[in-house]
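# An overview of the molecular structure
This is what each chain is made of:
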Amino acid sequence: MPLRVHVDVVSAEELIFSGEAEFAVFPGEAGELGIYPRHTPLLTRVKPGAIRLKIPDRNEYELVYVSGGILEVQPTLITLLADTAIRAKSLDEAEALKAKQQAEEAAKLQQTDVNYAAAEAELAKSIAQLQTIKKGRGGH
Amino acid sequence: MASGKEIRNKIKSVESTRKITKAMEMVAASKMRKAQDRMRAARPYGDKIRRVAGNLSHALTDYSHPFMEVRPEQKSVGLIVVTSDKGLCGGLNTNILRLALNRMKEWDAEGKKLQVTAIGSKGFSFMARAGATIVSHLSGSGLGDTPRMDKLIGPAKVQIDAYLNGEIDVLYIAYTRFINTMKQEPVIEQLLPLSGDLVGSTTANRWDYVYEPDAKSVIDDLLLRYVEAVLYQSVAENMASEQSARMVAMKSASDNAKNVIGELKLIYNKARQATITKELSEIVGGAAAV
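Residues numbered from 1 in each chain as written. Chains lettered and ligands numbered in written order. Predicted model: local features only at pLDDT ≥ 70, side-chain atom pairs only at ≥ 80, totals over all residues. Heavy atoms only, no water.

## Describing the sheet that holds strand β5 (residues 184–192) of chain B
All names here are of chain B. As a reminder of what qualifies: For two strands to be treated as a pair, DSSP must find no fewer than two bridges joining them. The helix and strand labels rest on DSSP assignments: H or I over at least four residues marks a helix, E over at least two residues marks a strand, and numbering proceeds from the N terminus. Each axis is a line fitted through C-alpha atoms, taken for helices only over the stretch in contact, and angles between the N-to-C directions span 0 to 180 degrees.
Read across the sheet, 5 strands follow the order β3-β2-β1-β4-β5 without closing on themselves; strand pairing throughout is mixed. Two strands in the sheet have a free side with no partner beyond their single neighbour: β3 (134–138) and β5. Each strand of the sheet is rotated relative to its neighbour by a mean of 20°, with strand direction disregarded. Pairing of strand β1 (residues 76–82) with strand β2 (residues 113–119) involves 7 bridges; the strand directions are parallel. When the bridges of β2 are listed, I80 appears paired with T117.

## Considerations on the confidence of the model for chain B
Note the following rule: For every residue, the predictor assigns a confidence score, pLDDT, that lies between 0 and 100.
Per-residue pLDDT for chain B averages 86, and the proportion of residues at 70 or more is 91%. Here the complex is predicted with pTM 0.81, and the ipTM for its interfaces comes to 0.70.

## Thoughts on the environment of V14 of chain B
Residues and elements named next belong to chain B. Heads up, the rule is: By definition in these notes, contact holds between two residues if any of their heavy atoms fall within 4.5 Å.
Relative to the helices and strands, V14 resides in helix α1 (residues 4–59). C-alpha separation for the pair V14 and R129, spaced 115 residues apart in sequence, amounts to 34 Å. Setting aside residues no more than four positions away along its own chain, V14 makes contact with A257, V260, I261 and L264.

## Some points on the packing of aromatic side chains
Residues and elements named next belong to chain B. Worth spelling out the cut-off: Under the pairing criterion, centres of Phe, Tyr and Trp rings, with the six-membered ring standing for Trp, must be within 6.5 Å; the plane angle then separates stacked pairs below 30 degrees from edge-to-face pairs above 60, leaving the rest tilted. Here, a charge over a ring means that NZ of Lys or CZ of Arg falls within 6 Å of the ring centre while also lying within 35 degrees of the ring normal.
Throughout the structure, instances matching the rule amount to 4 aromatic pairs over all chains. If you follow R71 out to its NZ or CZ, it ends over the ring of Y163, 4.2 Å from the centre. Positioned over the ring face of Y172 is R103, at 5.3 Å from the centre of the ring.

Quick look at the structure:
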């Protein structure tokens, strides 16, 4: 029986693949990476593309698409931490800028000092409301 | 006592309110299931990335990432506040904001500067009214009912960059942890520098990874993803909490409405009977007079 290695492909949003494989090919940043069981520990980035996995007792390769990520190889375990979105520095910057702008636009009426008193009063009010509701609930 | 018509109108209006709260309860219940599934789906990634980062902290010797370093002096603080976009979910947002506010007061007393990232519009409007410095914000139109990693990257990056530039020395995240449908707990956790649990296990490994292209860039990427994964998980938990809290709140609102309707009906019937009795006695009285 050929050696096997456990392969997990996970993204932040879901578990994409988990199972045994005899051989796996990843789109590494420096080029295609073919990995057999008992590979030396390796940590690398993966480009967006297809992963090919040779599943035991199956002739065809299992294909899994990922939009990049980080690949960790251990002798008996391969983990691909897949990204859920295409990542690039420029794209990240744009997202950050957008989030900043959203904050600025929405906060035109902002005061300079942190007004704890007003904030606390506001919280106290809503807590009081909640308690009233709770008490009312008990009464019925 | 109110007239029969008035009470009837009141009953009608409470009934329509109850229909709405009932519908919202059912919507929240179905959304809650989905939100919980998503929360669970996010766990394997968090676990895996934690393990890889843990391996890394053992294997690694010659490169120390700023995320791992605790700065001796903590002069300014970053806070990511995760709240819901919509209200009507009981005390969920109130609880988390109260917790955050208490911490903010402590930091203020210690003379630490603060910058806030608000995820969810409730937290944003509260922080804006409180006058905190808000550096980035993600609101309803951006997120909806699904926690999406690609939307979270931006707001998080603002704080992470600030951390790397030394504008903030420590980064916290405040969110509501989902325990079960009836119980959610507001928590504030330290996001950066990475807390000790990563480096917690004692098994010292004598090996190191082969890095491609080089150790620094791979580790940078990995740790950034780790932070984002923690953030994503928090947002997913918060959403599950939100839907559960809303479901419970709407359920009790529906129950209350039901009770109110019952009481109003009783009053209505009493009033009706009173009128009938009055009319009868008038007739009898009239007949007796003849």
